[in-house]
Amino acid sequence: MPTVRLTDPIDLGTLRLKNRLYRAPVLEGAGGAEDPAAVYARHFVPNAAAGVGLIIQGNTIVCPEGRTSPGMSAIGERERMLALAPLTRAVHEAGGKIVTQLGHGGLFALEAWHTKFAPVRSSPPYAPSPLPLWLRALHRSQTHVLSTSEVQQLVARFGLVAAWAREAGYDGVQLAASNAKLLHQFLSPIFNRRRDRYGGDIHGRMTFVREIREAIAREAGADFPVLLKYTAIELTPIGRGIDLGEGVEIARMAEAAGFAALTPVIADALPNTSIARGEFPRASFDNPGLRRRLLEATGSRVRAALVHVGMFLAARKYPFAPVWNRDVFRAVKAAVKLPVFAVGGIRTPAEAAEILARGEADMIGVGRPFYAEPDLARRFLAAAGPSDTTATACESCNRCIVPQMLGMPGVCYNPGIHKLRRHASGPSPAAKKVA
């Protein structure tokens, strides 16, 4: 068979992409902006103009509550989604395609810990089941275990918001079922010990995700592409998480359910930097302004210190490793015919070319490096392929993590990289038009 190249087109259901490079979902920090479309456009339009095949917008919450960072967008009503229509038009005019990620933070939502959001929440954060004792000691917040009827209401809500996304011009949606968010919590035997049809073995725990796919088909149309990012291996300090066998079985069930593409990843049961491997961001905790913001958000020096210690330990446990999700996307690719997305630690054109040439995945995802290098796609797509080991500008320093958690803009906070690119041009004309 001929070697697949990064510049080759690919179909995701009814969605045709001009190449196999995509911007993976990260936090853009647009949720609290007066004009989120303008903020998103400043990120995405330069990426599209540089030739990236697909942009996946960071997690958009399908309810007014449930964000895990103040920088996330939350959709309370149709008008808030339709206000993003200028963004999708600008991306299309720049030659790109755009999908928005839909999800919910569940028990790790802001309403569980943030001093601004916890006192005014309309209900406690959602959970699939009562928390195990070890997690109860860590979480220290009241949670609301969803009843069967409430899960069904959430299923319908995902379908409705997906229909609004199509109306706003998005080319599809991706369900966020990883990174310790609510859909991940339902898939996980750590969090999901339900006795109704949404619990039990992996087939029961997958029911929530399958029913959401069905609801989107009803509300947004059977031809509207729905992608799935999910935890295929779950790391946990106590108990048994999702293993690779279950991760592959989830992929088979997702294929049967009509998903258009899959992104399997390794993630911890607890939210930490296992999903953004790299250095401990010591500079963030040494910065007086960030320390003040973190204290204001957590409301306690002890809780702020726990964030510090938790990130330090996570950086030690999960150091940067090139292509760290290879085992999971390769196993899933061997089990299904659906397009499989690779993501996690892909930093050179050579790594991208190798993954495609070996048939280990069908799409190549890059996330945080787009902060440091908005026109990264141009260089990757023009690269010599397997021989080009030139790394992205991103140094995986993780200085973006703490600001993102606090709702600040999703940009590169490494002053060395910023200095190198300070003479770069501003937003493209298309982005300025939206702004």
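Our subject is the structure that appears above.
The model shown is predicted, which means the values in this text are computed figures rather than measured ones. (Residues numbered from 1 in each chain as written. Predicted model: local features only at pLDDT ≥ 70, side-chain atom pairs only at ≥ 80, totals over all residues. Heavy atoms only, no water.)

Even after reading the chapter, I still don't get helix H13 (residues 326-335), so can you show me in this structure?
Within an α-helix, residues lying three or four positions from one another point in the same direction, as the helix has 3.6 residues per turn. Within H13, the full set of buried residues consists of Arg326, Val328, Phe329 and Val332. Looking at the buried residues of H13, the elements they touch are strand S10 (226-235), helix H9 (244-257), strand S11 (261-268), strand S12 (341-342) and helix H14 (349-357). (Buried < 20%, exposed > 50% of the residue type's maximum accessible area, 1.4 Å probe, protein only. Helix = DSSP H or I, 4+ residues; strand = E, 2+ residues; numbered from the N terminus. Contact = heavy atoms within 4.5 Å.)

Would you take a moment to explain the pairing of strand S4 (residues 54-61) for this structure?
One face of the sheet, then the other: side chains in a regular strand alternate in exactly this way. With respect to burial, S4 is a largely interior element, 8 of its 8 residues being buried. Across 2 bridges, the pairing between strand S3 (residues 21-23) and S4 is parallel. When the sheet's bridge partners are listed, Tyr22 is paired in S4 with Leu54. Here S4 pairs with strand S6 (residues 98-103) via 5 bridges, running parallel. Bridged to Thr60 within S6 is Leu102. Here 2 bridges tie S4 to strand S5 (residues 73-74), and the two strands are oriented parallel to one another. Bridge pairing links Ile61 to Ala74 in S5. (Pairing = 2+ DSSP bridges.)

Would you explain the side chain of Arg277 in this entry?
With respect to the helices and strands, Arg277 occurs in the loop between S11 and helix H10 (282-286). With no salt bridge to any partner, buried Arg277 finds its closest opposite charge in Asp268, at an N-O distance of 8.2 Å. Residues contacting Arg277, with those up to four places away along its chain left out, are Leu235, Ile266, Tyr318, Pro319, Phe320, Trp324, Arg368, Ser396 and Asn398. (Lys, Arg positive; Asp, Glu negative; His and termini not counted. Salt bridge = Lys/Arg side-chain N within 4 Å of Asp/Glu carboxyl O.)

When you look at empty space enclosed by the protein in this model, what are you seeing that I'm missing?
Empty pockets left among the atoms are what a rolling probe the size of a water molecule brings to light. In total, this model carries 2 cavities of 30 Å³ or more according to the counting rule given. In this model, the largest cavity occupies a volume close to 90 Å³. As for the largest cavity, its lining consists of 14 residues, and the residues nearest its centre are Cys394, Cys397, Asn398, Cys400 and Cys412. Taken together, the residues that form the lining of the largest cavity break down as 8 nonpolar, 3 polar and 3 charged. Volume-wise, the second largest cavity comes out at about 30 Å³. Around the second largest cavity, the lining residues are Val26, Leu27, Glu28, Gly29, Ala30, Tyr40, Gly58, Asn59, Gly71, Met72 and Ser73. (1 Å grid on protein atoms, 1.4 Å probe; cavity = no way out; pocket = protein on both sides within 12 Å on 5 of 7 lines; lining within 4 Å. Points joined across faces, edges and corners; volume = space filled by probe spheres on them. Nonpolar A, V, L, I, M, F, W, Y, C, P; charged D, E, K, R; others polar.)

What should I look at first to understand the pairing of S6 in this one?
Among the 6 residues in S6, 6 count as buried, and that is most of the element. Taking every second residue as pointing to the same face, both faces of S6 are buried, with Ile98, Thr100 and Leu102 on one and Val99, Gln101 and Gly103 on the other. As paired strands, S6 and strand S9 (residues 173-177) are joined by 3 bridges and run parallel to one another. Bridging from a neighbouring strand, Gln101 pairs with Gln174 of S9.

Looking at this model, I keep getting lost on H9. Mind explaining?
Taking 1.5 Å of rise per residue, the 14 residues of H9 would be expected to cover 20 Å, and the 20 Å separating its terminal C-alpha atoms lies within 8% of that figure. Buried-residue contacts for H9 involve helix H6 (182-187), helix H7 (202-205), helix H8 (207-220), S10, S11 and H13. Here H9 starts with a cap whose side-chain oxygen sits 3.2 Å from the backbone nitrogen of Gly245, and that cap is Asp243. Of the residues one or two after H9, Gly258 is the one with positive phi, at around 100°. (Expected span 1.5 Å × (residues − 1). Polar contact = N/O pair within 3.5 Å; in protein donor to acceptor, adjacent residues only side chain to side chain.)

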